[in-house]
Amino acid sequence: MLIKVIYCVFCLRLSASIELSNYSFPKDFVFGVASSSYQIEGATYEDGKGENIWDYNLHRKPEIVFDGTNGDVACDSYHKWEEDISLIKNLGANFYRFSIAWPRILPSCNVGAKINKKGIEHYDKFINGLLSKGITPMVTMYHWDLPQCLEEMGGWMNASIVDDFLIYANILFEAYGDRVKHWITFNEPFQVCEYGYSGTEMAPFRNLTGVGGYNCSHHLLLAHGRTYRHYEKKFKPIQKGKVGFAVNSGWFEPKEDTEEDRRSSERVMQFSYGWYMHPVVLGNYPSVMIDRVDAISAEENYPVSRLPKFTKEEIDMLRGSFDFLGVNHYSTAQTKFSDNFHRPSFGYDCGVAPYTNPDWATSTTLPGLQMVPWGFRRLMKWIKDQYNNPPMYVTENGWATGAGLEDNERVRYITQYLSELLKAIHEDGCNVIGYAYWTILDNFEWLSGFSTKFGLVQVDFQASNRTRTPRKSYEVYKKIISSRKVIV
Ligand code: BGC
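Residues numbered from 1 in each chain as written. Predicted model: local features only at pLDDT ≥ 70, side-chain atom pairs only at ≥ 80, totals over all residues. Heavy atoms only, no water.

Trainee: Explain the overall build of the protein residue by residue, including any values.
Mentor: From N to C terminus, the protein includes 16 helices and 15 strands. In terms of C-alpha radius of gyration, the protein reaches 21 Å, essentially the compact-globule figure of 23 Å for 488 residues. Projected onto its principal axes, the C-alpha positions of the protein cover 60 × 60 × 50 Å. Residue burial in the protein is summarised as follows: out of 488 residues, 61% are buried. (Helix = DSSP H or I, 4+ residues; strand = E, 2+ residues; numbered from the N terminus. Rg over C-alpha atoms; globule rule 2.2 N^0.38 Å. Buried < 20%, exposed > 50% of the residue type's maximum accessible area, 1.4 Å probe, protein only.)

Below, the structure is given as structure tokens:
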């Protein structure tokens, strides 16, 4: 998610209860839950899986994670997948968004690498298991678990990764495309690149400020575009599936009602969601981003802009490379102009500082996460207006709590956010066709380890069988799905 984890002492303030919407979800609207491989699967070295960048780093430096934990076992979903499917089925969900672990399919690096049959078989039986219960699989190809051997060749900084990704994607289309009709190439490129290559909040912790994020994103976008075109040409006519891209965006509200704060809010939207969606929908980076990074790079004496350029062919290839947009949304921040950043950096290039608002309800376990339901509606409307009302799935949306089954804050979050989504659909005309709550199970929450919980289902990480117990929010979401209305 876009929010950096900062430790602070905010306590939860409950937002004044707002009236829930009376609208119903449209008849084709689908409900789901989402997850990712490294956060739930465990079985790190089983059945021939290769090492990923998280395995590699957390085994060597466990202190990177808040509580010294890692995803070696996590929810043990690699073995307990049938129980997971039963939970999803009992919830009444129409679809399950999960990711495939690249190093289970290609454990060693792609040049001369062999396909791991056991990895292919695992997802084969999982996909069949979902379909046998009437649950549609929505597959994310990359949710942050890059094979370590590729990282050693430069990872997302090396342009050759575009071919590596295409080889991997082709294997997935061939193996599962007869049954999987919804593909997401990448989950949250901003977090992959800005946190993982410019910064040190995500693996591979490269710390190449002001440069890493732009290079990584450039290659990742090209990998997305080429994969989309490859599918379109080779598989789509027969398999008839859809390919999308999931980008995280907060909503950024001007801190004060001034022209400058309004411009800051728009600029940060262009530098976050626009960074990725502009190329995918319109072919190139937003002009405000190109102009600023080019000018600041020149001022800093770089011989070329730190923001790479697409060729004319790449622009044509990228433009329109989506069948749906995935929107991951959690929270809202306030924004103001600022130049108080080190250089070079994304922060300075964008020139906006985000603020939390002490009057908004704040998660007790993730203090950057605030409950601002109306921000969700504004974001959906902004995307509609920017990109000519594309088909959208909300591919993640969720709230973090501590342990416990009576998760009233999460119930409030889900009901209020879904109410705002209904208004976005019915009053603003947004073309939102599905919603996935993040996430079905408590899981390994990256640098926060197991300390913060997003699950509709509680997982006992002390128990060897990782006991799963549905929370109150599970029952509430179940009722919403069956009634197609927001009711508690
Ligand atoms: C990521 C998930 C993460 C969630 C909550 C999302 O941005 O895709 O992997 O668990 O945020 O922090």
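Trainee: Tell me about the pattern of salt bridges, and please be specific about residues and values.
Mentor: Here the idea is simple: oppositely charged side chains can pair when their charged atoms come close. Tallied over the full model, the rule gives 35 salt bridges. The residue Arg-97 makes a salt bridge to Glu-396 at a minimum N-O spacing of 3.1 Å. Here the residue Arg-97 occupies a position in strand S2 (residues 95-99), and Glu-396 occupies one in strand S12 (residues 392-396), the gap between them amounting to 299 residues. Assessed through its relative accessible area of 4%, Glu-396 is described here as buried. Residue Glu-300 pairs with Arg-343 through a salt bridge whose shortest N-O separation is 2.9 Å. Note that Glu-300 is positioned in the loop between helix H11 (287-299) and helix H12 (312-318) and Arg-343 in the loop between strand S8 (332-337) and helix H13 (346-350), a separation of 43 residues in sequence. It is possible to trace a salt-bridge network through shared partners that takes in Glu-299, Glu-300, Arg-306, Arg-343 and Asp-349. (Salt bridge = Lys/Arg side-chain N within 4 Å of Asp/Glu carboxyl O.)

Trainee: Tell me about the state of the cysteines, and please be specific about residues and values.
Mentor: Here a disulfide denotes a covalent bond joining the sulfur atom of one cysteine to the sulfur atom of another. Enumeration over the complete set of coordinates arrives at two disulfides. Disulfide partner of Cys-109: Cys-149, at an S-S distance of 2.2 Å. What sets the handedness of the Cys-109 and Cys-149 disulfide is the S-S torsion sign, and at about 115° it is right-handed. With a gap of 40 residues between them, Cys-109 in the loop between helix H4 (102-105) and helix H5 (117-132) and Cys-149 in helix H6 (residues 148-151) connect regions that are remote in the sequence. On the basis of relative accessibility, which here comes to 22%, the residue Cys-149 falls in the partly exposed class. Disulfide partner of Cys-193: Cys-216, at an S-S distance of 2.0 Å. Between Cys-193 and Cys-216 the sulfur-sulfur dihedral comes to about -65°; the bridge is accordingly left-handed. (Disulfide = S-S within 2.5 Å.)

Trainee: Any details on helix H3 (residues 81-91)? Residues and values, ideally.
Mentor: Those residues of H3 lying buried are Trp-81, Asp-84, Ile-85, Leu-87, Ile-88 and Leu-91. Seen from one end, H3 has its buried residues packed into an arc of 160°, which puts them on one side. Buried residues along H3 sit against strand S1 (30-34), S2, H5, strand S14 (457-459), strand S15 (468-470) and helix H16 (472-483). Positive backbone phi, at 90°, marks Gly-92, one or two positions downstream of H3. (Arc of directions from axis to C-beta. Contact = heavy atoms within 4.5 Å.)

Trainee: How would you sum up the side chain of Thr-415? Please name residues and give values.
Mentor: On the secondary structure map, Thr-415 appears in helix H15 (residues 408-426). With a relative accessible area of 3%, Thr-415 lands in the buried category. Only 3.2 Å separates the side chain of Thr-415 from the backbone oxygen of Arg-412, close enough to count as a polar contact. (Polar contact = N/O pair within 3.5 Å; in protein donor to acceptor, adjacent residues only side chain to side chain.)

Trainee: Residues and numbers for the packing of aromatic side chains, please.
Mentor: One pass over the full model with this rule turns up 50 aromatic pairs. Taking 5.0 Å as the distance between ring centres and 75° as the angle between the ring planes, the aromatic pair formed by Phe-324 and Tyr-393 counts as edge-to-face. In this pair, Phe-324 sits in strand S7 (residues 324-328) while Tyr-393 sits in strand S12, placing the two residues 69 residues apart along the sequence. Since its relative accessible area comes to 0%, Phe-324 is described here as buried. Looking at Tyr-393, the relative accessible area reads 8%, which means it is buried. The lysine or arginine in question, Lys-49, covers the ring of Tyr-45, its NZ or CZ lying 6.0 Å from the ring centre. Its guanidinium or amino end placed over the ring of Tyr-355, Lys-255 lies 5.1 Å from that ring's centre, counting from NZ or CZ. (Phe/Tyr/Trp six-rings, centres within 6.5 Å; stacked < 30°, edge-to-face > 60°. Lys NZ or Arg CZ within 6 Å of the ring centre and 35° of its normal.)

Trainee: Describe the environment of Ile-487, naming the residues involved and giving the relevant values.
Mentor: Assignment of secondary structure puts Ile-487 in the segment after H16. Among the residues examined, Ile-487 registers a relative accessible area of 34% and is labelled partly exposed. Taking the C-alpha atoms as reference, Ile-487 lies 7.8 Å from Leu-20; in sequence the two are 467 residues apart. In this structure Ile-487 touches Val-476, Lys-479 and Ile-480, once residues within four positions along its chain are discounted.

Trainee: I'd love a proper account of the sheet that holds S8, names of residues and values included.
Mentor: Pairing is mixed in the open sheet, where three strands are placed in the order S6-S8-S9. Looking along the sheet, the strands with just one partner apiece sit at the ends: strand S6 (251-254) and strand S9 (352-355). The average angle at which neighbouring strand axes cross in this sheet is 45°, direction not considered. Pairing geometry for S8 and S9, over four bridges, is antiparallel. When the sheet's bridge partners are listed, Phe-337 is paired in S9 with Val-352. (Pairing = 2+ DSSP bridges. Axes fitted to C-alpha atoms, helices over the stretch in contact; angles between N-to-C directions.)

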